[in-house]
Amino acid sequence: MCDPISSSIREGTLVGCGNPLLDISAVVPLDFLQKYSMNEDDAILAEDRHMPIYGELVEGFQAEFLAGGSVQNSLRIAQWILRQPRVAVFFGCVGEDRYAGILKEKAQAAGLDVHYQVKKDVPTGTCAVLITGTHRSLCANLAAANNFTIDHLEEPSNKALVDNAQYYYISGFFLTVNPPSIMQVAATAHAKQRPFLMNLSAPFISQFYMTPLLAALPYVDIIFGNEAEAQAFAEAQQWPSGDLREIGKRLVAMEKKNPTRPRIAILTQGCDPVLLIQQDSVQEFPVTKLAVHEIVDTNGAGDAFVGGFLSQFVQGKSLDVCIRCGNYAAGHIIKNPGCTYSGEPEFVE
């Protein structure tokens, strides 16, 4: 067992911004995906044709409600491993409804210090998590999450939380919502010379939101992504997209506001080794392969990896310890439904 961290790490050390969503998760047959023109392992934003999916899941399947949203998931996992409440602060937008209450209750129970912007006239966002075997496909209806505005970050109490943080993490998904908020947090991190971390999040971000992504990237000290996301970025940049190492090297070499702290790319490949790509090196970190019967749900494995990484990074641990904790967290979450954990964390450096 790992020892609880010392109380020297202060509250509000880590700030995250993202889309707080209530996951509606169910095992479905493949033809359910086909009915909604979805593929296994898709991660898409809901269009009008997808709107019946949420009611269908609740009425026709054994659906579970889980607190979700990529950044909120990662911060919950970080809090679980840190075992000290309120290290992480989360900003996002919800409605004024029952789902928002469930989300807040679950987030606070996990140790998060949540500061939701509340929009009374829009429902809280939901995400359909469609499980087919070991695959999971996501269809997010951002709803209220899509209504986040920069003035929420400019409220004095919230601005103080952003200014006082030591680390910042934002998902690529938030590029679809409010790029000015991302740029403001990025500029704060840059001005204070503090690490700004970001995630490529899904292939569609590179396909359709490349302009705001490229605007944020010069501020990014550490960029996370999986193989599909990295390939999509490469294709959108018209780079050769076959070699993940080469894509990572090009990502690292792109323009950066603070060249004294070279960018780092961390690319995951499912059960294949994690790649740590720095200016002059590429390292591999093996992933412990699970037996098929151990895999309950791969939903949230990427979020959990980042959460495990962050739990060590905010303590100033080495990158190899951060990545090994990321792999530990992802391996644990895969054995549980959704991005949920069980028992005490057992990561050992």
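Calculation criteria
- Residues numbered from 1 in each chain as written.
- Predicted model: local features only at pLDDT ≥ 70, side-chain atom pairs only at ≥ 80, totals over all residues.
- Heavy atoms only, no water.
- UniProt positions renumbered as here; feature names shortened; annotations may be inferred.
- Buried < 20%, exposed > 50% of the residue type's maximum accessible area, 1.4 Å probe, protein only.
- Helix = DSSP H or I, 4+ residues; strand = E, 2+ residues; numbered from the N terminus.
- Pairing = 2+ DSSP bridges.
- Axes fitted to C-alpha atoms, helices over the stretch in contact; angles between N-to-C directions.
- Contact = heavy atoms within 4.5 Å.
- Core = buried A, V, L, I, M, F, W, Y, C linked by side-chain atoms within 4.5 Å.
- Expected span 1.5 Å × (residues − 1).
- pLDDT = per-residue confidence, 0-100.
- Arc of directions from axis to C-beta.
- Left-handed = near helix turned anticlockwise from the far one by under 90°.
- Nonpolar A, V, L, I, M, F, W, Y, C, P; charged D, E, K, R; others polar.

For the protein chain, the name recorded in an unreviewed UniProt entry is Adenosine kinase, with Drosophila erecta as its organism. Heading Function (unreviewed entry) of the UniProt record for the protein chain holds this comment: "ATP dependent phosphorylation of adenosine and other related nucleoside analogs to monophosphate derivatives." One UniProt comment on the protein chain, placed under Pathway (unreviewed entry), says "Purine metabolism; AMP biosynthesis via salvage pathway; AMP from adenosine: step 1/1."

Once that is clear, we can look at the pairing of strand 7 (residues 125-132). The element strand 7 is extensively covered by neighbouring structure, given that eight of its eight residues are classed as buried. What you see with strand 7 is no split at all: G125, C127, V129 and I131 on one side and T126, A128, L130 and T132 on the other are buried throughout. Across seven bridges, the pairing between strand 2 (residues 21-27) and strand 7 is parallel. Counterpart to A26 in the pairing with strand 7 is L130. Both strand 7 and strand 8 (residues 135-141) contribute to a ladder of seven bridges, which runs antiparallel. Across the sheet, residue C127 finds its bridge partner in strand 8, namely A140.

Another point: the sheet that holds strand 7. Strand order in this open sheet of five strands is 3-8-7-2-4, and the pairing throughout is mixed. The sheet terminates laterally at strand 3 (43-45) and strand 4 (64-68), the two strands that pair on one side only. Neighbour-to-neighbour, the strand axes of the sheet open up by a mean angle of 25 degrees, direction not taken into account. Relative to strand 4, strand 2 is paired through five bridges, and the arrangement is antiparallel. Directly across from D23, in strand 4, lies its bridge partner L66. Seen against the sheet, helix 4 (residues 98-109) touches strand 2, strand 4 and strand 7 and runs at an angle of roughly 65 degrees to strand 4.

Before going further, it helps to examine the UniProt feature "active site" (unreviewed entry) in the protein chain. Here the UniProt-annotated "active site" (unreviewed entry) positions come out as D303. When you line up the elements, D303 lands in helix 12 (residues 301-313).

F91, F196, M198 and F233 are the most contacted members of the largest nonpolar core, which totals 53 residues. If you look at the next biggest cluster of nonpolar residues, it comprises 41 residues, including A67, F90, F309 and L310.

A word on helix 13 (residues 319-334). The end-to-end C-alpha distance of helix 13 is 23 Å, a good match for the 22 Å that 16 residues give at a rise of 1.5 Å each. For helix 13, the buried fraction is high: twelve of the 16 residues fall into the buried class. Listed as buried for helix 13 are L319, V321, C322, I323, C325, G326, N327, A329, A330, H332, I333 and I334. As for helix 13, its buried residues are in contact with helix 3 (70-82), strand 12 (264-269), strand 13 (272-278), strand 14 (281-285) and helix 12.

Glancing now at the confidence of the model for the protein chain. For the protein chain, mean pLDDT is 92; residues scoring 70 or higher make up 95% of the total. Per-residue pLDDT stays below 50 along residues 1-6; that stretch engages in 14 contacts with residues further than four places along the chain or on separate chains.

The next subject is the side chain of H50. Turning to its location among the elements, H50 is positioned in the loop between strand 3 and helix 2 (52-60). A relative accessible area of 1% means that H50 is categorised as buried. Among residues more than four places away in sequence, those in contact with H50 are Y36, M38, I44, L45 and C139.

Two residues of an α-helix separated by three or four positions point the same way, owing to the 3.6 residues in each turn. For helix 2, the complete set of buried residues consists of I53, Y54 and L57. Angularly, the buried residues of helix 2 cover 105 degrees about the axis, an arc narrow enough to put them on a single face. When the buried face of helix 2 is taken as reference, the exposed residues oriented beyond 90 degrees from it are E59 and G60.

This next bit is on the packing of helix 10 (residues 227-236) against helix 11 (residues 244-253). Two elements in contact, helix 10 and helix 11, have axes separated by 10 Å at closest approach and are oriented at 65 degrees. Judged by the sense of rotation from one axis to the other, the crossing of helix 10 with helix 11 is left-handed. Contact residues: E227, A230, Q231, F233 and A234 in helix 10; L244, I247 and L251 in helix 11. The residue inventory of the contact of helix 10 with helix 11, partitioned by class, reads six nonpolar, one polar and one charged.

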